[in-house]
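Chain by chain, the residues run as shown.
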Amino acid sequence: MSSVLQFEQVSKVYRPWLGRPVTALRDFSLKVECGEIFGFLGPNGAGKTTAIHLVMGFMQPSSGSGILLGRPFGDAHSRRRVGFLAENVALYHRPAASLVKFYGALNGLRGAELDRRAAAALDAVQLTSEARRNVGKFSRGMAQRVGLAQALVNDPELLVLDEPTSALDPIARVVVRELLLKLRGEGKSVFLSSHLLSEVELVCDRVAIVVKGRLMRLGRTADLLHSSEQMRILHRRIVASDSPTATTRMQLQDEVVSRRELPGALQRIWSAGDEVLSVNPMQRTMEEIFLEVTAEAESADQASSA
Amino acid sequence: MRGVLLIASNFAREQRWPILLLILGVLALALMGLTVDLQKQQEDALFLFKELSIYGIAFSVFFGGSAINTERRSRRILAVLSKSISRSQYVMGLLAGVGLAAGLYCFTLGITGTWLLGDIGFSRSHLWFLMACLLAACLLAASVSVLYSTFLNPFLATIATALTLTLPAGTTRFAGAGWQHVLPVHTLMDVVLQAAFRGDWVADWTLVALSLVQAAGICGLAAWIFTSRDIAVALD
(Lines give C-alpha, C1' and ligand atoms only; values in the text may rest on other atoms or scores of the structure.)
Protein backbone atom coordinates (compact mmCIF):
# COMPACT_ATOMS: atom_id res chain seq x y z
CA MET A 1 0.00 0.00 0.00
CA SER A 2 1.48 3.38 -0.97
CA SER A 3 1.58 6.30 1.42
CA VAL A 4 -0.11 9.61 0.70
CA LEU A 5 1.47 11.48 3.55
CA GLN A 6 4.74 10.94 5.34
CA PHE A 7 6.59 12.74 8.10
CA GLU A 8 10.27 11.85 8.40
CA GLN A 9 11.93 12.88 11.66
CA VAL A 10 10.17 16.25 11.56
CA SER A 11 10.83 18.76 14.31
CA LYS A 12 9.38 22.21 14.60
CA VAL A 13 10.65 24.81 17.04
CA TYR A 14 8.97 28.20 17.34
CA ARG A 15 11.50 30.89 18.08
CA PRO A 16 9.74 34.07 19.21
CA TRP A 17 11.65 37.35 19.17
CA LEU A 18 11.25 37.51 22.91
CA GLY A 19 11.00 34.53 25.23
CA ARG A 20 12.10 30.92 25.09
CA PRO A 21 11.84 28.71 22.02
CA VAL A 22 8.91 26.32 22.05
CA THR A 23 9.24 22.86 20.55
CA ALA A 24 5.96 21.89 18.94
CA LEU A 25 7.11 18.64 17.26
CA ARG A 26 10.10 16.43 18.07
CA ASP A 27 11.52 13.89 15.62
CA PHE A 28 8.04 13.13 14.47
CA SER A 29 7.64 10.31 11.96
CA LEU A 30 4.37 9.01 10.59
CA LYS A 31 2.94 7.48 7.45
CA VAL A 32 -0.65 7.72 6.22
CA GLU A 33 -1.53 5.00 3.74
CA CYS A 34 -3.64 5.40 0.66
CA GLY A 35 -7.35 4.73 1.19
CA GLU A 36 -7.45 4.94 4.98
CA ILE A 37 -9.04 7.29 7.46
CA PHE A 38 -6.29 8.22 9.85
CA GLY A 39 -7.16 9.70 13.24
CA PHE A 40 -4.70 12.21 14.65
CA LEU A 41 -5.28 12.73 18.36
CA GLY A 42 -3.68 14.67 21.15
CA PRO A 43 -4.44 17.12 23.92
CA ASN A 44 -4.37 20.88 23.33
CA GLY A 45 -0.85 22.06 22.53
CA ALA A 46 0.28 18.60 21.48
CA GLY A 47 1.42 19.80 18.05
CA LYS A 48 -1.44 18.48 15.92
CA THR A 49 -2.21 21.75 14.17
CA THR A 50 1.50 22.44 13.72
CA ALA A 51 1.87 19.05 12.01
CA ILE A 52 -1.09 19.81 9.74
CA HIS A 53 0.24 23.26 8.88
CA LEU A 54 3.58 21.71 7.98
CA VAL A 55 1.79 19.30 5.65
CA MET A 56 0.00 22.17 3.94
CA GLY A 57 3.20 24.21 3.59
CA PHE A 58 2.02 27.04 5.83
CA MET A 59 5.25 26.69 7.75
CA GLN A 60 8.54 24.93 7.33
CA PRO A 61 10.04 22.25 9.56
CA SER A 62 13.04 23.18 11.70
CA SER A 63 14.50 19.79 10.78
CA GLY A 64 13.39 16.66 8.99
CA SER A 65 11.20 16.50 5.94
CA GLY A 66 7.85 15.31 4.72
CA ILE A 67 6.19 14.06 1.59
CA LEU A 68 2.67 14.85 0.49
CA LEU A 69 1.36 12.83 -2.46
CA GLY A 70 4.86 12.14 -3.68
CA ARG A 71 6.18 15.69 -3.39
CA PRO A 72 7.82 17.62 -0.55
CA PHE A 73 5.60 19.51 1.88
CA GLY A 74 4.71 22.96 0.56
CA ASP A 75 4.63 21.99 -3.10
CA ALA A 76 1.76 23.92 -4.72
CA HIS A 77 1.09 21.25 -7.36
CA SER A 78 0.45 18.51 -4.81
CA ARG A 79 -2.02 20.76 -2.97
CA ARG A 80 -4.24 20.62 -6.06
CA ARG A 81 -4.98 17.00 -5.08
CA VAL A 82 -5.59 17.82 -1.41
CA GLY A 83 -8.63 19.20 0.39
CA PHE A 84 -7.98 21.12 3.59
CA LEU A 85 -10.28 22.35 6.33
CA ALA A 86 -8.70 24.49 9.05
CA GLU A 87 -9.72 24.49 12.68
CA ASN A 88 -12.20 27.36 13.30
CA VAL A 89 -12.57 27.89 9.59
CA ALA A 90 -12.64 31.52 8.43
CA LEU A 91 -14.21 32.28 5.09
CA TYR A 92 -14.93 35.33 2.95
CA HIS A 93 -18.42 36.75 3.29
CA ARG A 94 -20.07 35.97 0.01
CA PRO A 95 -22.78 33.56 -1.20
CA ALA A 96 -21.90 29.94 -0.42
CA ALA A 97 -21.95 28.79 -4.07
CA SER A 98 -19.80 31.73 -5.19
CA LEU A 99 -17.35 31.08 -2.36
CA VAL A 100 -16.96 27.38 -3.14
CA LYS A 101 -16.46 28.27 -6.82
CA PHE A 102 -13.79 30.80 -5.85
CA TYR A 103 -11.82 28.12 -4.00
CA GLY A 104 -12.38 25.65 -6.83
CA ALA A 105 -11.10 28.21 -9.34
CA LEU A 106 -7.97 28.72 -7.19
CA ASN A 107 -7.38 25.01 -7.68
CA GLY A 108 -7.57 25.32 -11.45
CA LEU A 109 -11.17 24.28 -12.04
CA ARG A 110 -13.16 26.32 -14.54
CA GLY A 111 -16.32 26.51 -16.61
CA ALA A 112 -18.97 23.80 -16.44
CA GLU A 113 -16.74 21.50 -14.41
CA LEU A 114 -16.33 24.17 -11.73
CA ASP A 115 -20.12 24.68 -11.56
CA ARG A 116 -20.71 20.94 -11.36
CA ARG A 117 -18.06 20.32 -8.70
CA ALA A 118 -19.22 23.28 -6.57
CA ALA A 119 -22.82 22.06 -6.70
CA ALA A 120 -21.73 18.50 -5.81
CA ALA A 121 -19.61 19.73 -2.88
CA LEU A 122 -22.46 21.78 -1.44
CA ASP A 123 -24.78 18.84 -1.93
CA ALA A 124 -22.37 16.54 -0.09
CA VAL A 125 -22.62 18.74 3.01
CA GLN A 126 -26.37 19.23 2.52
CA LEU A 127 -26.21 22.95 1.84
CA THR A 128 -27.72 23.06 -1.66
CA SER A 129 -30.75 24.96 -0.42
CA GLU A 130 -28.49 27.60 1.16
CA ALA A 131 -26.20 28.03 -1.86
CA ARG A 132 -27.27 31.61 -2.53
CA ARG A 133 -27.11 32.80 1.06
CA ASN A 134 -24.15 34.84 2.25
CA VAL A 135 -21.75 32.80 4.38
CA GLY A 136 -21.40 35.78 6.72
CA LYS A 137 -24.95 35.14 7.86
CA PHE A 138 -24.40 31.43 8.50
CA SER A 139 -24.19 29.83 11.93
CA ARG A 140 -20.78 28.47 12.94
CA GLY A 141 -21.84 24.93 12.10
CA MET A 142 -23.10 25.91 8.66
CA ALA A 143 -19.90 27.85 7.97
CA GLN A 144 -17.95 24.74 8.94
CA ARG A 145 -19.95 22.74 6.41
CA VAL A 146 -19.16 25.35 3.72
CA GLY A 147 -15.52 24.98 4.78
CA LEU A 148 -15.84 21.26 4.19
CA ALA A 149 -17.45 21.92 0.80
CA GLN A 150 -14.50 24.09 -0.27
CA ALA A 151 -12.19 21.27 0.79
CA LEU A 152 -14.14 18.81 -1.35
CA VAL A 153 -14.61 20.98 -4.44
CA ASN A 154 -11.51 19.74 -6.28
CA ASP A 155 -12.39 16.07 -5.69
CA PRO A 156 -9.24 15.57 -3.58
CA GLU A 157 -7.29 12.34 -3.20
CA LEU A 158 -6.44 13.30 0.37
CA LEU A 159 -8.53 15.28 2.83
CA VAL A 160 -6.71 16.98 5.69
CA LEU A 161 -9.26 17.96 8.30
CA ASP A 162 -8.51 19.84 11.50
CA GLU A 163 -11.47 19.49 13.89
CA PRO A 164 -14.08 19.20 11.12
CA THR A 165 -17.01 18.46 13.41
CA SER A 166 -16.25 20.72 16.36
CA ALA A 167 -19.12 23.14 15.64
CA LEU A 168 -21.59 20.66 14.21
CA ASP A 169 -24.80 19.41 15.76
CA PRO A 170 -25.27 15.64 16.12
CA ILE A 171 -27.22 15.34 12.85
CA ALA A 172 -24.55 17.18 10.87
CA ARG A 173 -21.88 15.04 12.55
CA VAL A 174 -23.57 11.93 11.25
CA VAL A 175 -23.68 13.49 7.77
CA VAL A 176 -19.94 14.20 7.92
CA ARG A 177 -19.16 10.76 9.32
CA GLU A 178 -21.08 9.09 6.48
CA LEU A 179 -19.38 11.38 4.00
CA LEU A 180 -15.94 10.35 5.26
CA LEU A 181 -16.85 6.68 5.04
CA LYS A 182 -18.19 7.21 1.51
CA LEU A 183 -14.95 8.94 0.51
CA ARG A 184 -12.93 6.05 1.90
CA GLY A 185 -15.12 3.72 -0.12
CA GLU A 186 -14.11 5.71 -3.22
CA GLY A 187 -10.45 5.11 -2.40
CA LYS A 188 -9.71 8.56 -0.92
CA SER A 189 -7.60 9.07 2.17
CA VAL A 190 -8.47 11.22 5.16
CA PHE A 191 -6.12 12.68 7.76
CA LEU A 192 -8.43 13.65 10.58
CA SER A 193 -7.52 15.62 13.67
CA SER A 194 -10.27 15.64 16.25
CA HIS A 195 -11.04 15.86 19.94
CA LEU A 196 -14.25 13.94 19.43
CA LEU A 197 -12.86 10.55 20.38
CA SER A 198 -16.12 8.70 19.83
CA GLU A 199 -16.15 9.93 16.22
CA VAL A 200 -12.57 8.81 15.73
CA GLU A 201 -13.41 5.42 17.21
CA LEU A 202 -16.25 5.04 14.73
CA VAL A 203 -14.57 6.05 11.48
CA CYS A 204 -10.80 5.79 11.73
CA ASP A 205 -8.85 2.79 10.47
CA ARG A 206 -5.69 3.84 12.27
CA VAL A 207 -4.97 6.27 15.04
CA ALA A 208 -1.92 8.18 16.25
CA ILE A 209 -1.80 9.90 19.61
CA VAL A 210 0.67 12.71 19.96
CA VAL A 211 1.57 14.40 23.25
CA LYS A 212 3.93 17.36 23.59
CA GLY A 213 5.16 16.93 20.05
CA ARG A 214 6.01 13.24 20.43
CA LEU A 215 4.24 10.31 18.88
CA MET A 216 3.06 8.26 21.87
CA ARG A 217 0.84 5.61 20.33
CA LEU A 218 0.18 4.42 16.79
CA GLY A 219 -1.88 1.52 15.60
CA ARG A 220 -5.04 0.14 14.09
CA THR A 221 -8.09 1.44 15.92
CA ALA A 222 -9.44 -2.07 16.51
CA ASP A 223 -6.10 -3.26 17.91
CA LEU A 224 -5.83 -0.30 20.25
CA LEU A 225 -9.35 -0.78 21.53
CA HIS A 226 -8.72 -4.49 22.18
CA SER A 227 -5.19 -4.16 23.43
CA SER A 228 -6.27 -4.44 27.03
CA GLU A 229 -4.44 -6.63 29.52
CA GLN A 230 -7.82 -7.35 31.08
CA MET A 231 -9.90 -10.35 30.00
CA ARG A 232 -13.58 -10.89 30.62
CA ILE A 233 -14.78 -14.46 31.32
CA LEU A 234 -18.47 -15.20 31.09
CA HIS A 235 -19.41 -18.54 32.70
CA ARG A 236 -22.52 -20.41 33.70
CA ARG A 237 -23.15 -22.22 36.94
CA ILE A 238 -26.04 -24.58 37.58
CA VAL A 239 -27.33 -24.27 41.14
CA ALA A 240 -30.21 -25.74 43.11
CA SER A 241 -33.38 -23.72 42.72
CA ASP A 242 -35.52 -22.28 45.50
CA SER A 243 -38.50 -22.34 43.18
CA PRO A 244 -41.17 -25.02 43.78
CA THR A 245 -41.59 -25.50 39.98
CA ALA A 246 -37.92 -26.06 39.10
CA THR A 247 -35.16 -28.11 40.63
CA THR A 248 -32.20 -26.16 39.17
CA ARG A 249 -31.51 -22.72 37.78
CA MET A 250 -28.69 -21.15 35.77
CA GLN A 251 -26.56 -18.44 37.20
CA LEU A 252 -24.53 -16.31 34.75
CA GLN A 253 -21.31 -14.96 36.14
CA ASP A 254 -18.99 -12.32 34.79
CA GLU A 255 -15.37 -12.19 35.88
CA VAL A 256 -12.55 -9.83 34.89
CA VAL A 257 -8.98 -11.08 35.25
CA SER A 258 -5.61 -10.07 33.87
CA ARG A 259 -4.13 -11.95 30.93
CA ARG A 260 -1.56 -13.49 33.27
CA GLU A 261 -4.23 -14.78 35.61
CA LEU A 262 -6.39 -16.20 32.82
CA PRO A 263 -5.20 -19.89 32.82
CA GLY A 264 -5.58 -20.13 36.60
CA ALA A 265 -9.02 -18.55 36.53
CA LEU A 266 -10.24 -20.93 33.82
CA GLN A 267 -8.91 -23.89 35.78
CA ARG A 268 -10.78 -22.72 38.86
CA ILE A 269 -14.04 -22.25 36.92
CA TRP A 270 -13.85 -25.69 35.31
CA SER A 271 -12.94 -27.33 38.63
CA ALA A 272 -16.07 -25.82 40.13
CA GLY A 273 -18.10 -27.49 37.38
CA ASP A 274 -19.02 -24.28 35.64
CA GLU A 275 -19.35 -23.89 31.89
CA VAL A 276 -17.25 -21.19 30.25
CA LEU A 277 -19.37 -19.33 27.70
CA SER A 278 -16.86 -16.79 26.42
CA VAL A 279 -13.44 -15.30 27.05
CA ASN A 280 -12.85 -11.88 25.47
CA PRO A 281 -10.36 -9.09 25.85
CA MET A 282 -11.98 -6.15 27.60
CA GLN A 283 -13.16 -3.59 25.01
CA ARG A 284 -11.82 -0.18 25.91
CA THR A 285 -12.91 3.21 24.70
CA MET A 286 -10.71 5.63 22.83
CA GLU A 287 -11.18 8.00 25.73
CA GLU A 288 -9.61 5.51 28.15
CA ILE A 289 -6.67 4.99 25.82
CA PHE A 290 -6.27 8.71 25.31
CA LEU A 291 -6.25 9.40 29.05
CA GLU A 292 -3.83 6.55 29.66
CA VAL A 293 -1.41 7.83 27.01
CA THR A 294 -1.50 11.42 28.23
CA ALA A 295 -0.96 10.25 31.81
CA GLU A 296 2.00 8.11 30.66
CA ALA A 297 3.50 11.11 28.89
CA GLU A 298 2.97 13.26 31.95
CA SER A 299 4.66 10.81 34.31
CA ALA A 300 7.52 10.27 31.83
CA ASP A 301 8.00 14.03 31.77
CA GLN A 302 8.02 14.24 35.56
CA ALA A 303 10.50 11.40 35.76
CA SER A 304 12.86 13.01 33.26
CA SER A 305 12.67 16.41 34.96
CA ALA A 306 13.32 14.77 38.35
CA MET B 1 -1.80 33.88 -13.95
CA ARG B 2 -5.44 33.03 -13.30
CA GLY B 3 -4.70 32.48 -9.62
CA VAL B 4 -3.09 35.94 -9.43
CA LEU B 5 -6.15 37.53 -11.04
CA LEU B 6 -8.51 35.67 -8.72
CA ILE B 7 -6.62 36.86 -5.65
CA ALA B 8 -6.47 40.40 -7.06
CA SER B 9 -10.20 40.55 -7.76
CA ASN B 10 -10.94 39.00 -4.39
CA PHE B 11 -8.77 41.62 -2.67
CA ALA B 12 -10.59 44.44 -4.48
CA ARG B 13 -13.91 42.85 -3.53
CA GLU B 14 -12.91 42.61 0.12
CA GLN B 15 -11.77 46.25 0.12
CA ARG B 16 -14.82 47.49 -1.76
CA TRP B 17 -16.03 49.83 0.98
CA PRO B 18 -12.76 51.76 1.45
CA ILE B 19 -12.42 51.90 -2.35
CA LEU B 20 -15.96 53.20 -2.67
CA LEU B 21 -15.23 55.80 -0.01
CA LEU B 22 -12.17 56.98 -1.94
CA ILE B 23 -14.14 57.18 -5.16
CA LEU B 24 -16.89 59.12 -3.40
CA GLY B 25 -14.19 61.60 -2.36
CA VAL B 26 -13.33 62.08 -6.00
CA LEU B 27 -16.99 62.43 -6.92
CA ALA B 28 -17.26 65.14 -4.26
CA LEU B 29 -14.68 67.01 -6.33
CA ALA B 30 -16.94 66.55 -9.34
CA LEU B 31 -19.78 68.11 -7.36
CA MET B 32 -17.65 71.19 -7.03
CA GLY B 33 -17.87 71.61 -10.77
CA LEU B 34 -21.62 71.90 -10.48
CA THR B 35 -21.63 74.39 -7.64
CA VAL B 36 -18.76 76.86 -8.20
CA ASP B 37 -17.48 78.97 -11.05
CA LEU B 38 -14.40 76.99 -12.04
CA GLN B 39 -13.06 79.66 -14.40
CA LYS B 40 -12.57 81.91 -11.37
CA GLN B 41 -11.28 79.15 -9.07
CA GLN B 42 -8.98 77.28 -11.43
CA GLU B 43 -6.11 77.03 -8.99
CA ASP B 44 -8.33 75.77 -6.15
CA ALA B 45 -9.71 73.02 -8.37
CA LEU B 46 -6.18 71.99 -9.40
CA PHE B 47 -5.06 72.04 -5.76
CA LEU B 48 -7.90 69.68 -4.76
CA PHE B 49 -7.02 67.44 -7.68
CA LYS B 50 -3.40 67.23 -6.46
CA GLU B 51 -4.54 66.61 -2.91
CA LEU B 52 -6.68 63.69 -4.04
CA SER B 53 -3.66 62.32 -5.92
CA ILE B 54 -1.68 62.20 -2.68
CA TYR B 55 -4.54 60.33 -1.00
CA GLY B 56 -4.16 57.70 -3.71
CA ILE B 57 -0.54 57.10 -2.68
CA ALA B 58 -1.42 57.04 1.02
CA PHE B 59 -4.20 54.50 0.55
CA SER B 60 -2.01 52.30 -1.65
CA VAL B 61 0.52 52.16 1.18
CA PHE B 62 -2.19 51.33 3.73
CA PHE B 63 -3.77 48.68 1.50
CA GLY B 64 -0.40 47.10 0.74
CA GLY B 65 0.84 47.24 4.32
CA SER B 66 -2.20 45.61 5.86
CA ALA B 67 -3.22 43.07 3.21
CA ILE B 68 -1.20 40.07 4.39
CA ASN B 69 -1.70 40.81 8.07
CA THR B 70 -5.48 41.15 7.73
CA GLU B 71 -5.68 37.82 5.96
CA ARG B 72 -3.46 36.12 8.53
CA ARG B 73 -5.27 37.59 11.50
CA SER B 74 -8.65 36.50 10.13
CA ARG B 75 -7.15 33.07 9.23
CA ARG B 76 -8.72 33.32 5.78
CA ILE B 77 -5.27 33.03 4.25
CA LEU B 78 -5.21 29.34 5.25
CA ALA B 79 -8.03 28.28 2.94
CA VAL B 80 -6.51 30.28 0.06
CA LEU B 81 -2.98 28.95 0.46
CA SER B 82 -4.27 25.40 0.89
CA LYS B 83 -5.10 25.51 -2.82
CA SER B 84 -2.54 25.19 -5.58
CA ILE B 85 -1.45 28.80 -5.16
CA SER B 86 2.22 29.51 -4.54
CA ARG B 87 3.32 32.17 -2.10
CA SER B 88 4.68 34.30 -4.96
CA GLN B 89 1.37 34.11 -6.80
CA TYR B 90 -0.33 35.19 -3.59
CA VAL B 91 1.92 38.24 -3.13
CA MET B 92 1.57 39.15 -6.81
CA GLY B 93 -2.20 38.78 -6.48
CA LEU B 94 -2.32 41.13 -3.51
CA LEU B 95 -0.19 43.71 -5.30
CA ALA B 96 -2.36 43.35 -8.41
CA GLY B 97 -5.38 43.87 -6.15
CA VAL B 98 -3.93 47.10 -4.80
CA GLY B 99 -3.11 48.02 -8.40
CA LEU B 100 -6.71 47.33 -9.38
CA ALA B 101 -8.00 49.54 -6.57
CA ALA B 102 -5.48 52.27 -7.45
CA GLY B 103 -6.35 51.92 -11.14
CA LEU B 104 -10.05 52.40 -10.40
CA TYR B 105 -9.23 55.42 -8.30
CA CYS B 106 -6.92 56.95 -10.93
CA PHE B 107 -9.48 56.30 -13.65
CA THR B 108 -12.24 58.00 -11.66
CA LEU B 109 -9.91 60.88 -10.83
CA GLY B 110 -8.91 61.10 -14.50
CA ILE B 111 -12.52 61.19 -15.71
CA THR B 112 -13.43 63.80 -13.10
CA GLY B 113 -10.31 65.84 -13.93
CA THR B 114 -11.05 65.66 -17.64
CA TRP B 115 -14.51 67.03 -17.01
CA LEU B 116 -13.55 69.66 -14.44
CA LEU B 117 -10.05 70.79 -15.42
CA GLY B 118 -10.28 69.98 -19.12
CA ASP B 119 -13.21 72.37 -19.50
CA ILE B 120 -11.23 75.24 -17.98
CA GLY B 121 -8.15 74.86 -20.11
CA PHE B 122 -6.01 72.11 -18.59
CA SER B 123 -4.51 69.87 -21.25
CA ARG B 124 -6.43 66.58 -21.25
CA SER B 125 -3.47 64.56 -22.50
CA HIS B 126 -1.36 66.09 -19.75
CA LEU B 127 -3.97 65.08 -17.23
CA TRP B 128 -3.99 61.45 -18.35
CA PHE B 129 -0.21 61.39 -18.27
CA LEU B 130 -0.42 62.61 -14.67
CA MET B 131 -2.82 59.75 -13.93
CA ALA B 132 -0.33 57.29 -15.41
CA CYS B 133 2.36 58.80 -13.16
CA LEU B 134 0.04 58.52 -10.16
CA LEU B 135 -0.82 54.90 -10.91
CA ALA B 136 2.85 53.98 -11.32
CA ALA B 137 3.66 55.76 -8.04
CA CYS B 138 0.79 53.94 -6.29
CA LEU B 139 2.02 50.57 -7.53
CA LEU B 140 5.60 51.27 -6.49
CA ALA B 141 4.56 52.54 -3.05
CA ALA B 142 2.27 49.52 -2.59
CA SER B 143 5.03 47.10 -3.58
CA VAL B 144 7.33 48.58 -0.94
CA SER B 145 4.63 48.34 1.74
CA VAL B 146 3.79 44.76 0.71
CA LEU B 147 7.51 43.95 0.98
CA TYR B 148 7.64 45.24 4.55
CA SER B 149 4.32 43.63 5.46
CA THR B 150 5.80 40.19 4.78
CA PHE B 151 7.75 40.50 8.03
CA LEU B 152 6.36 43.54 9.90
CA ASN B 153 2.97 44.39 11.31
CA PRO B 154 0.92 47.00 9.37
CA PHE B 155 1.92 49.90 11.61
CA LEU B 156 5.65 49.26 11.32
CA ALA B 157 5.32 48.37 7.64
CA THR B 158 3.67 51.74 6.96
CA ILE B 159 6.36 53.64 8.85
CA ALA B 160 9.13 51.68 7.15
CA THR B 161 7.51 52.35 3.75
CA ALA B 162 7.24 56.08 4.44
CA LEU B 163 10.91 56.20 5.46
CA THR B 164 12.01 54.15 2.46
CA LEU B 165 10.09 56.28 -0.02
CA THR B 166 11.28 59.60 1.40
CA LEU B 167 14.91 58.52 1.70
CA PRO B 168 15.71 58.84 -2.06
CA ALA B 169 13.98 62.25 -2.09
CA GLY B 170 16.27 63.51 0.65
CA THR B 171 19.31 61.89 -0.91
CA THR B 172 18.55 63.52 -4.28
CA ARG B 173 18.94 66.95 -2.66
CA PHE B 174 22.36 66.18 -1.23
CA ALA B 175 23.85 63.48 -3.43
CA GLY B 176 22.77 64.39 -6.93
CA ALA B 177 19.97 63.86 -9.42
CA GLY B 178 20.83 60.23 -10.04
CA TRP B 179 18.88 59.32 -6.90
CA GLN B 180 15.61 60.57 -8.35
CA HIS B 181 15.43 57.34 -10.33
CA VAL B 182 15.67 55.17 -7.21
CA LEU B 183 12.19 54.30 -5.96
CA PRO B 184 10.94 57.36 -7.84
CA VAL B 185 7.61 57.79 -6.05
CA HIS B 186 8.69 61.29 -4.99
CA THR B 187 9.80 62.15 -8.54
CA LEU B 188 6.49 60.97 -9.99
CA MET B 189 4.57 62.90 -7.35
CA ASP B 190 6.70 65.93 -8.14
CA VAL B 191 5.47 65.68 -11.73
CA VAL B 192 1.87 65.64 -10.47
CA LEU B 193 2.35 68.40 -7.90
CA GLN B 194 4.19 70.71 -10.31
CA ALA B 195 1.42 70.50 -12.91
CA ALA B 196 -0.02 73.91 -13.83
CA PHE B 197 -2.53 75.42 -16.24
CA ARG B 198 0.12 77.41 -18.02
CA GLY B 199 3.51 76.22 -19.06
CA ASP B 200 4.99 73.41 -21.11
CA TRP B 201 4.93 69.81 -20.09
CA VAL B 202 6.84 66.80 -21.32
CA ALA B 203 5.61 63.25 -20.92
CA ASP B 204 8.57 61.36 -19.42
CA TRP B 205 7.38 57.82 -19.89
CA THR B 206 10.83 56.48 -19.00
CA LEU B 207 10.19 57.37 -15.38
CA VAL B 208 6.83 55.59 -15.43
CA ALA B 209 8.39 52.49 -16.98
CA LEU B 210 11.28 52.61 -14.50
CA SER B 211 8.83 52.70 -11.59
CA LEU B 212 6.93 49.72 -12.92
CA VAL B 213 10.14 47.74 -13.36
CA GLN B 214 11.21 48.58 -9.81
CA ALA B 215 7.73 47.67 -8.49
CA ALA B 216 8.03 44.28 -10.22
CA GLY B 217 11.50 43.74 -8.72
CA ILE B 218 10.32 44.64 -5.22
CA CYS B 219 7.31 42.38 -5.65
CA GLY B 220 9.69 39.55 -6.55
CA LEU B 221 11.73 40.25 -3.43
CA ALA B 222 8.55 40.31 -1.30
CA ALA B 223 7.49 36.97 -2.80
CA TRP B 224 10.91 35.47 -2.06
CA ILE B 225 10.77 36.60 1.58
CA PHE B 226 7.16 35.51 2.02
CA THR B 227 7.94 32.05 0.64
CA SER B 228 10.20 31.33 3.60
CA ARG B 229 7.90 32.82 6.25
CA ASP B 230 5.73 30.74 8.59
CA ILE B 231 2.25 32.08 8.19
CA ALA B 232 0.25 30.08 10.67
CA VAL B 233 2.00 30.99 13.91
CA ALA B 234 0.45 33.28 16.50
CA LEU B 235 0.81 36.89 15.46
CA ASP B 236 2.82 39.47 17.38
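Provided above is the structure to which this section pertains.
For clarity, every value in this text was computed on a predicted model and none was experimentally measured.

Cut-offs applied
- Sequence order sets the numbering: in each chain, residues are counted from 1 along the sequence as written.
- Naming scheme: in the order in which they are written, chains are lettered from A and ligands are numbered from 1.
- Only residues with pLDDT of at least 70 are given local features in this predicted model, and only at 80 or more are side-chain atom pairs given and counted; all residues enter the totals for whole chains, interfaces and linings.
- No hydrogens and no water enter the side-chain calculation; it runs on all heavy atoms of the structure.
- Under the scheme used here, helices are H or I runs from DSSP no shorter than 4 residues and strands are E runs no shorter than 2 residues, and both carry numbers assigned from the N terminus.
- Relative accessible area decides the class of each residue, using a 1.4 Å probe on protein chains only: under 20% of the type maximum gives buried, over 50% gives exposed, and in between gives partly exposed.
- In what follows, residue pairs with any heavy atoms lying within 4.5 Å of each other are defined as contacts.
- Paired strands, in this sense, are two strands between which DSSP finds at least two bridges.
- An axis is simply a line fitted to the C-alpha atoms; with a helix, the fit covers only the stretch in contact. Between two such axes, the angle follows the N-to-C directions and lies from 0 to 180 degrees.
- Like-charged residues are merged into a patch within 9 Å and nonpolar side chains (Val, Leu, Ile, Met, Phe, Trp, Tyr) within 5 Å, provided each residue has over 30% relative accessible area and no salt bridge.
- All accessible-area figures derive from a Shrake-Rupley calculation using a 1.4 Å probe, and residue coverage is judged against the displayed protein chains alone.
- Here, a salt bridge means any side-chain nitrogen of Lys or Arg that lies within 4 Å of a carboxyl oxygen of Asp or Glu.

We now examine the overall build of chain A. Looking only at helices and strands, one finds ten helices and 13 strands in chain A. Across its three principal directions, the C-alpha atoms of chain A cover 80 × 55 × 35 Å. In chain A, which comprises 306 residues, the share counted as buried stands at 48%. When contacts within chain A are restricted to residue pairs at least 6 apart in sequence, long-range pairs at least 24 apart make up 68% of them.

All names here are of chain B. Its location among the elements puts serine 60 in helix 3 (residues 42-74). For serine 60, a relative accessible area of 3% gives the class buried. Not counting the four nearest positions on each side in its chain, serine 60 is found in contact with Val98, Ala102, Cys138, Ala142 and Ser145.

Here we take up unusual backbone geometry. A positive phi angle, near 50°, is found at lysine 212 of chain A, a position not held by glycine. Relative to the assigned elements, lysine 212 of chain A resides in the loop between strand 9 (206-211) and strand 10 (214-220). Phi is positive for arginine 75 of chain B, which is not a glycine, with a value near 70°.

Below, the discussion takes up the sheet that holds strand 9 of chain A. Residues and elements named next belong to chain A. Taking strand neighbours across the sheet as the criterion, the six strands line up as 6-7-8-3-9-10 in an open arrangement whose pairing is mixed. Only two strands of the sheet have a single partner each, and these edge strands are strand 6 (82-85) and strand 10. Taken pair by pair, the neighbouring strands of this sheet meet at an average axis angle of 15°, ignoring direction. Two strands pair when backbone bridges link them, and strand 7 (residues 158-162) and strand 8 (residues 189-193) are joined in this way by five bridges, in the parallel orientation. Bridge assignment links valine 160 to a residue of strand 8, and that residue is phenylalanine 191.

Bringing the sheet that holds strand 2 (residues 22-33) of chain A into the picture now. Strand pairing in a sheet is mediated by backbone hydrogen bonds. Such pairs are either parallel or antiparallel. Residue and element names in this part refer to chain A. Taken in spatial order, the four strands of this open sheet run 2-1-4-5, and their pairing is antiparallel. Both outer strands of the open sheet, strand 2 and strand 5 (71-72), are each paired with one neighbouring strand and no more. Bridge analysis of strand 1 (residues 3-14) against strand 2 gives eight bridges, and the strand direction is antiparallel. When the sheet's bridge partners are listed, valine 10 is paired in strand 2 with phenylalanine 28. Contacts between helix 1 (residues 48-55) and the sheet are confined to strand 1, strand 2 and strand 4 (63-68), with strand 1 contributing the most and set at about 120° to the helix.

Time to look at a nonpolar patch on the surface. A contiguous nonpolar surface patch, about 540 Å² in accessible area, is contributed by Trp17, Leu20, Leu21, Leu24 and Leu27 of chain B. Within the secondary structure, leucine 24 of chain B sits in helix 2 (residues 16-35).

A few words on the side chain of histidine 186 of chain B. Residue and element names in this part refer to chain B. You can see histidine 186 is positioned in helix 8 (residues 185-193). Looking at histidine 186, the relative accessible area reads 19%, which means it is buried. With near-sequence residues (within four places) excluded, histidine 186 lies in contact with Leu165, Pro168, Ala169, Thr172, Trp179 and Gln180.

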